[in-house]
Amino acid sequence: MHIRPANVDDLTNIAQLHGKSWQENYSSVLSGDYLAHRVLEERTQIWTERLTSLSDNQLVLVAQLDGVFSGFICVFGDKHPQLGSIIDNLHVTSEAKGKGIGTQLITSAAKWAQTYYKDCGLYLEVLECNPKAIGFYEALGGQKHSQGYWHTPCGNKVKEFIYVWQSPLALIK
């Protein structure tokens with residue numbers, strides 16, 4: 001497995017995986033029309049912006065398994081005054097799940113956060129309808145901090161949880 005910083009050449013792979021992940025995991029909360037016709041276009045727009053104008057506090061890493069794109073993570077350092085740095089996205093291809101890629105990506109991101117934002121915790125938002133992700137974050141020591149609602153791009157209101165780690169060291173093994 002190889003983990004490296006993302007670049008603009010990764011744009012298509014990242015946007016497609018992000019869209020596919022939403023199609024696979026959020027069909028119960030996002031409209032069929034949105035998932036079929038708009039998700040890829042919107043994810044491509046978001047990742048074009050993120051990969052062509054990186055902010056100083058942003059990290060995007062990609063994972064490759066045997067030379068094949070297998071996942072990515074995006075983190076924004078010191079995003080929230082109390083919770084710290086946000087793990088904004090973590091997605092692994094269906095074919096690569098269960099091979100440790102998600103763990104390696106989150107560990108690599110935590111090492112970056114420890115270097116640049118060591119006085120900040122880490123947190124992420126996860127939808128209630130994604131129990132596999134919740135189990136993964138809990139297995140990594142994430143603690144449920146609070147809950148709220150995500151207002152989806154297609155107009156739905158969906159329950160989400162915020163999971164926290166008090167410091168990046170909690171994710172570095």
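Residues numbered from 1 in each chain as written. Predicted model: local features only at pLDDT ≥ 70, side-chain atom pairs only at ≥ 80, totals over all residues. Heavy atoms only, no water.

> Please explain the environment of leucine 90 as it appears in this structure.
With respect to the element layout, leucine 90 can be found in strand β4 (residues 84–92). Given a relative accessible area of 15%, leucine 90 falls into the buried group. For the pair leucine 90 and valine 75, spaced 15 residues apart in sequence, the C-alpha to C-alpha distance is 9.0 Å. Discounting residues that sit within four places of it in the chain, leucine 90 has contacts with Phe72, Ile73, Gly102, Leu105, Ile106, Phe136 and Tyr137. (Helix = DSSP H or I, 4+ residues; strand = E, 2+ residues; numbered from the N terminus. Buried < 20%, exposed > 50% of the residue type's maximum accessible area, 1.4 Å probe, protein only. Contact = heavy atoms within 4.5 Å.)

> Would you take a moment to explain the pattern of salt bridges for this structure?
Close approach of charged atoms allows side chains with opposite charge to pair. By the definition in use, this model includes six salt bridges. With a shortest N-O distance of 2.7 Å, arginine 4 and aspartate 10 are connected by a salt bridge. Taken as a pair, arginine 4 and aspartate 10 share a single burial class, namely buried. Its salt-bridge partner being aspartate 88, residue arginine 50 comes within 2.6 Å of it at the nearest N-O pair. Of this pair, arginine 50 sits in helix α3 (residues 39–52) while aspartate 88 sits in strand β4, and the two are 38 residues apart along the sequence. For arginine 50, a relative accessible area of 18% gives the class buried. For aspartate 88, a relative accessible area of 28% puts it in the partly exposed group. Put simply, Lys20, Glu24 and Glu95 are held in one network by salt bridges that share partners. (Salt bridge = Lys/Arg side-chain N within 4 Å of Asp/Glu carboxyl O.)

> Would you take a moment to explain the nonpolar core for this structure?
Soluble globular proteins tend to pack their nonpolar side chains together in the buried interior. By size, the foremost hydrophobic cluster in this structure holds 29 residues, and its most contacted members are Ile73, Ile87, Ile106, Val126, Tyr137, Trp165 and Leu171. For this core, the secondary structure elements donating two or more residues are β2 (58–65), β3 (68–80), β4, α4 (101–116), β5 (122–127), α5 (131–139) and β7 (157–165). Per element, the largest residue contribution to this core is seven residues, and it comes from α4. With residues near it in sequence (within four places) discarded, valine 126 still touches Ala133, Ile134, Tyr137, Glu160, Phe161 and Tyr163. Counting 18 residues, the second-largest nonpolar core is a separate cluster that includes Ala6, Leu51, Phe72 and Cys74. (Core = buried A, V, L, I, M, F, W, Y, C linked by side-chain atoms within 4.5 Å.)

> Is there a simple way to explain α5 in this structure?
Listing the buried residues of α5 in full gives Ala133, Ile134 and Tyr137. For α5, the arc enclosing every buried residue in end-on projection is 100°, short of the 170-degree limit, so these residues lie on one face. Seen from the buried face of α5, the exposed residues on the opposite side, beyond 90 degrees, are Pro131, Lys132 and Ala139. Lining the buried residues of α5 we find β4, α4, β5 and β7. Of the residues trailing α5, glycine 141 is marked for its positive phi of about 90°. (Arc of directions from axis to C-beta.)

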